[in-house]
Amino acid sequence: MIHSIGEREGLVSILVVGSVAFDSVKTPFGERDRILGGSATYFSVAASFFTNVRVVAVVGDDFAPADEAVFLERKIDTSDLERVQGRSFHWSGEYGYDLNVAHTRDTQLNVFADFKPKLSEGARETPYLFLGNIQPQLQVEVRKQVGARLVAADTMNYWINSTPDELREMLQCIDLLIINDAEAREIGREANLVRAARRILSMGPQRLVVKRGEYGAAMFTKESYFATPAYPLEEVFDPTGAGDSFAGGFMGYLAATNAIDEASFRRGIIYGSVMASFNVEEFGCERMRRLTHEEINARFRELRAFSNFEEAEMPPF
Ligand code: AMP
């Protein structure tokens, strides 16, 4: 059975808080300075292929109309994007040939250091909330203002190490955590991923999604387990934003169908993997800005075929 999504309604259905940033990125294939990035940016661009998205973040006066155009051309609502004097968040990172591991060279919070999000009334009524990677205190402040149906969050080693108490508080107010495998091991304080997952599920979230870079993704609840491979790409150009575009595809699909059951979560994992696979093909949001629904659907079908197998039972030998 093919599960299709109906027409999109006029409602804003996902709210995301996270970084809107300028990134300086170096990979073995090239280098870019101060390109538009940030967790909220990658997330909202990916999710905007599925549903309406509103972004909560702060930018400085270096955020130009050409940067906002990336949001507006995808019809992302920027009315809760605050603009203040100063410089926007800046992240500088580098990847070696193991593209699964980002090496942070520099993180400058800049305008995020004093950000106190005050959400508009419309934003507070959004049914799906994604707390993108940013200070856990900000994630909690936004969470408290929104009575969402489903709350998911991401984080990273930077916050796990520098703000562990705030992170613990954040974990207690979410339904779903979406992190990479190294972060899962760190939060769970366990080298074994299954045991780390069990630990994390006892800290608050009912569901855990673990992103494993080129090896795919896994999803854990106390009762269930699901895993998928990644789309087998020959060219990975810039892995920055893979995690956020994964989360955007995943949450975007859930919000579009407004169904939060096991089968929908599983399809969401596939859409997340599809969006991440496109994002890493080029620097920044470049590939996503040219992406079409036909391409998304074709890759979804391929990914399904790659891991589909028939039931079998061997007789005793
Ligand atoms: P990912 O999807 O995990 O590759 O995230 C990439 C984005 O995260 C980059 O565009 C960065 O601007 C952003 N980022 C990096 N470090 C941080 C941080 N400590 N807090 C918030 N955002 C960050």
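Above: the structure in question.
Residues numbered from 1 in each chain as written. Predicted model: local features only at pLDDT ≥ 70, side-chain atom pairs only at ≥ 80, totals over all residues. Heavy atoms only, no water.

(A) Here's a closer look at the site of the ligand. Neighbouring residues of the ligand: 19 residues in total, closest Ser-19, Asp-23, Gly-38, Gly-241 and Asp-244. The contact in question runs from an oxygen atom of the ligand to an N or O atom on the backbone of Gly-241, over 2.8 Å. Taking Asp-244, its side chain carries an N or O atom lying 2.6 Å from an oxygen atom of the ligand. Relative to its unbound accessible surface of 510 Å², the ligand loses 90% to contact with the protein. Looking at the shell around the ligand, the elements with two or more residues in it are strand 2 (21–27), strand 6 (89–95), helix 5 (157–162) and helix 9 (242–257). The leading source of residues in the shell around the ligand is helix 9, at three residues. A per-class count over the shell around the ligand returns ten nonpolar, seven polar and two charged. (Near = heavy atom within 4 Å. Polar contact = N/O pair within 3.5 Å; in protein donor to acceptor, adjacent residues only side chain to side chain. Areas by Shrake-Rupley, 256 points an atom, 1.4 Å probe, with all protein chains shown as cover. Helix = DSSP H or I, 4+ residues; strand = E, 2+ residues; numbered from the N terminus. Nonpolar A, V, L, I, M, F, W, Y, C, P; charged D, E, K, R; others polar.)

(B) Quick peek at the environment of Thr-41. Here Thr-41 is to be found in helix 1 (residues 39–47). With relative accessibility at 0%, the residue Thr-41 sits in the buried group. C-alpha separation for the pair Thr-41 and Cys-285, spaced 244 residues apart in sequence, amounts to 8.5 Å. Thr-41 has contacts with Ser-19, Val-20, Ala-21, Leu-36, Phe-71 and Cys-285, leaving out every residue within four places of it along the chain. (Buried < 20%, exposed > 50% of the residue type's maximum accessible area, 1.4 Å probe, protein only. Contact = heavy atoms within 4.5 Å.)

(C) Looking closely at helix 2 (residues 65–72). Every buried residue of helix 2 is accounted for by Asp-67, Glu-68, Val-70 and Phe-71. In an axial view of helix 2, the angular spread of the buried residues amounts to 140°, which keeps them on one side of the axis. Exposed side chains of helix 2 directed beyond 90 degrees from the buried face belong to Pro-65 and Ala-66. Structurally, helix 2 contributes buried residues whose contacts are with strand 2, strand 3 (30–37), helix 1, strand 4 (53–59), strand 5 (81–83) and helix 11 (286–289). (Arc of directions from axis to C-beta.)

(D) Structural view of the sheet that holds strand 9 (residues 150–153). Strand order across the open sheet formed by nine strands is 5-4-1-8-9-10-11-12-13, with mixed pairing between neighbours. At either margin of the open sheet sits one strand with a lone partner, and together these are strand 5 and strand 13 (225–228). If you compare each strand with its neighbour and ignore which way they point, the axes differ by 15° on average. Summarising the sheet, strand 9 and strand 10 (residues 176–180) pair through two bridges and their orientation is parallel. Its bridge partner lying in strand 10, Ala-152 is registered against Leu-176. This element, helix 4 (residues 136–145), spans strand 1 (14–17), strand 8 (128–131) and strand 9 of the sheet and lies at about 165° to strand 8. (Pairing = 2+ DSSP bridges. Axes fitted to C-alpha atoms, helices over the stretch in contact; angles between N-to-C directions.)

(E) Representation of the pattern of salt bridges in the model. For the structure shown, the criterion picks out 18 salt bridges. Residue Arg-54 pairs with Asp-77 through a salt bridge whose shortest N-O separation is 3.9 Å. With Arg-54 in strand 4 and Asp-77 in the loop between helix 2 and strand 5, the pair connects residues that are 23 residues apart, well separated along the chain. The class for Asp-77 is partly exposed, based on a relative accessible area of 23%. Among the ionic pairs, Lys-144 bridges to Glu-169, the shortest N-O distance being 3.9 Å. In this pair, Lys-144 is assigned in helix 4 and Glu-169 in helix 6 (residues 164–171), connecting sequence segments 25 residues apart. (Salt bridge = Lys/Arg side-chain N within 4 Å of Asp/Glu carboxyl O.)

(F) Representation of the packing of aromatic side chains within the structure. Inspection of the entire model under this criterion finds 15 aromatic pairs. Relative to Phe-71, the ring of Phe-63 has its centre 6.3 Å away and its plane inclined at 55°; by these criteria the two rings are tilted. Like Phe-63, the residue Phe-71 is buried in the burial classification. Here Tyr-253 and Tyr-271 contribute two aromatic rings whose centre-to-centre distance is 4.9 Å and whose plane-to-plane angle is 25°, an arrangement assigned as stacked. Of this pair, Tyr-253 sits in helix 9 while Tyr-271 sits in helix 10 (residues 262–279), and the two are 18 residues apart along the sequence. Neither residue differs from the other here; Tyr-253 and Tyr-271 are each classed as buried. Positioned above the aromatic ring of Phe-49, the side-chain terminus of Arg-74 is 3.7 Å from the ring centre. Taking NZ or CZ as reference, Arg-299 lies 3.8 Å from the ring centre of Phe-278, over its face. (Phe/Tyr/Trp six-rings, centres within 6.5 Å; stacked < 30°, edge-to-face > 60°. Lys NZ or Arg CZ within 6 Å of the ring centre and 35° of its normal.)

(G) Structural context of the packing of helix 4 against helix 6. Viewed as axis vectors pointing N to C, helix 4 and helix 6 meet at an angle of 30°, and their least axial separation amounts to 8 Å. As summarised for this structure, helix 4 and helix 6 are arranged roughly parallel, according to the angle between their axes. The crossing of helix 4 and helix 6 is left-handed. On the side of helix 4, the interface is formed by Pro-136, Gln-137, Gln-139, Val-140 and Lys-144, while helix 6 contributes Glu-166, Leu-167, Glu-169 and Met-170. A breakdown of the residues in the contact of helix 4 with helix 6 according to their chemical character gives four nonpolar, two polar and three charged. (Parallel < 35°, antiparallel > 145°, perpendicular 65-115°, else oblique. Left-handed = near helix turned anticlockwise from the far one by under 90°.)

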